[in-house]
Amino acid sequence: MALDEALFRTLVAQAALSPSVHNTQPTRWRLTSDGRVEALEDGARRLTVGDPEGRDLNVSHGSAVEGFVLAASLRRLAVDVQPGDGVVARLSVGPDGAADPLAAFLTTRRTWRGKFERGEDAAAAMARLEPADDLTLVQTPDQVAGLADLYDAASLRWFRNAPYRAELVSWMRLSRRHPLWAVDGLNAEAMEMSPVEAAGAGLVLRPGVFEGLDRIGLANPLVAEAAVVRSASAIALFHRPVGEDPFETGRRFHRVWLDFARAGLSASPMAVLADDVEARAKVQADFGIGADRRLITAFRLGMAPVRDLPPKPRLPLEALIV
């Protein structure tokens with residue numbers, strides 16, 4: 001089946017809602033002359049400090065391709081995904097597909113970085129979450145609190161790495177005046193920061209300022225998130241087989257997050273628990289995740305307050321299609 005331009009653009013627009021590391025949106029799309037689709041990489045979107053091996057980059061690509069597959073399924077189209085030779089992947093779209101139950105949540109999946117609400121609704125949502133062999137749920141308050149403290153300790157270690165901090169800040173949009181506020185990265189609204197908090201974060205994370213605050217013991221309290229983490233109904237530890245292609249990990253990562261949305265839960269990744277070697281080893285040991293598995297990330301889960309949601313910051317189609 002040769003995919004036409006209009007449908008191609010529609011599918012790319014929905015695939016663009018997929019999660020990516022720091023919301024870098026590194027995947028580009030091309031419709032070939034024979035009606036097939038190529039997923040490609042925008043090399044300028046690599047995180048050379050935080051992700052030097054490109055693992056998170058390829059997880060992001062897998063997530064985007066899974067988004068395309070899910071969007072196609074809503075139109076009863078089947079997509080065959082093949083490894084690329086010089087491209088991320090090649091996709092062939094055909095008829096006789098089936099609607100994937102998770103596809104309906106492509107547009108409703110949201111990250112919630114604020115405090116969660118507790119109560120019967122949260123408990124009911126947790127009960128709707130389907131068990132999976134690549135998810136370990138941590139729900140006891142003491143264990144959640146322990147992970148919150150571990151998360152803050154690991155985050156502080158990474159913040160002390162000045163090049164990493166600079167790279168992270170380069171993807172933060174702390175003011176609505178930033179030209180990329182609604183386009184990519186992590187804006188203050190998405191991070192649940194007030195204008196005052198955002199301005200304070202911009203100051204605290206500056207070179208020299210952070211180091212000075214750290215010397216007198218003030219950096220940790222200013223970047224700590226333990227109180228927010230403790231509000232979660234659960235922490236979901238997402239782990240996959242050691243040696244799995246990160247692209248395939250990314251496809252599963254997207255589906256896991258959509259299943260949270262299906263259950264009525266909001267989620268926020270706690271990636272540093274997996275990125276930090278010391279934290280990852282402790283989490284895997286404490287929760288019985290064997291050496292044949294790799295912790296990919298942890299999600300804090302819960303019920304977000306009812307609120308009006310702004311559009312997700314996303315690149316325009318003209319930037320995504322090449």
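The shown structure was predicted, so the numbers you read here are calculated from the model rather than taken from an experiment. (Residues numbered from 1 in each chain as written. Predicted model: local features only at pLDDT ≥ 70, side-chain atom pairs only at ≥ 80, totals over all residues. Heavy atoms only, no water.)

### Here we look at helix α3 (residues 120-128)
Part 1 of the argument: Along α3, the positions that sit buried rather than exposed are Ala-122, Ala-125 and Met-126. For α3, the angular spread of the buried residues around the axis is 100 degrees, confining them to a single face. Exposed residues on α3 whose side chains face more than 90 degrees from its buried face are Glu-120, Asp-121 and Ala-127. (Buried < 20%, exposed > 50% of the residue type's maximum accessible area, 1.4 Å probe, protein only. Helix = DSSP H or I, 4+ residues; strand = E, 2+ residues; numbered from the N terminus. Arc of directions from axis to C-beta.)

### Observations concerning the sheet that holds strand β10 (residues 293-302)
Part 1 of the argument: Taken together, 4 strands build an open sheet; the order of strands is β5-β8-β10-β9 and the sheet is antiparallel. Where the open sheet ends on each side, the last strands, each with one partner, are β5 (135-138) and β9 (266-269). Mean inter-strand twist for the sheet, computed between neighbouring axes without regard to direction, equals 30 degrees. (Pairing = 2+ DSSP bridges. Axes fitted to C-alpha atoms, helices over the stretch in contact; angles between N-to-C directions.)

### Remarks on the pairing of strand β8 (residues 234-241)
Part 1 of the argument: Taking burial as the measure, the 8 residues of β8 include 7 buried ones, the bulk of the element.
Part 2 of the argument: Pairing between β5 and β8: 4 bridges, direction antiparallel. Pairing of Val-138 across the sheet is with Ile-235, part of β8.
Part 3 of the argument: As paired elements, β8 and β10 share 8 bridges and run antiparallel to each other. Paired with Pro-241 across the strands is Arg-293, a residue of β10.

### Thoughts on the environment of Leu-309
Part 1 of the argument: Within the secondary structure, Leu-309 is located in the loop between β10 and α13 (317-320).
Part 2 of the argument: The class of Leu-309 is partly exposed, set by a relative accessible area of 42%.

### Let's talk about the side chain of Asp-276
Part 1 of the argument: In this structure, Asp-276 sits in the loop between α11 (272-275) and α12 (277-286).
Part 2 of the argument: Classification of Asp-276 by relative accessible area gives buried; the value is 7%.
Part 3 of the argument: Within the structure, Asp-276 has its side chain in polar contact with the side chain of Arg-157 (distance 2.7 Å).
Part 4 of the argument: At 3.0 Å, the side chain of Asp-276 and the side chain of Trp-158 are in polar contact.
Part 5 of the argument: Leave out the neighbours within four places in its chain, and Asp-276 touches Ala-154, Arg-157 and Trp-158. (Polar contact = N/O pair within 3.5 Å; in protein donor to acceptor, adjacent residues only side chain to side chain. Contact = heavy atoms within 4.5 Å.)

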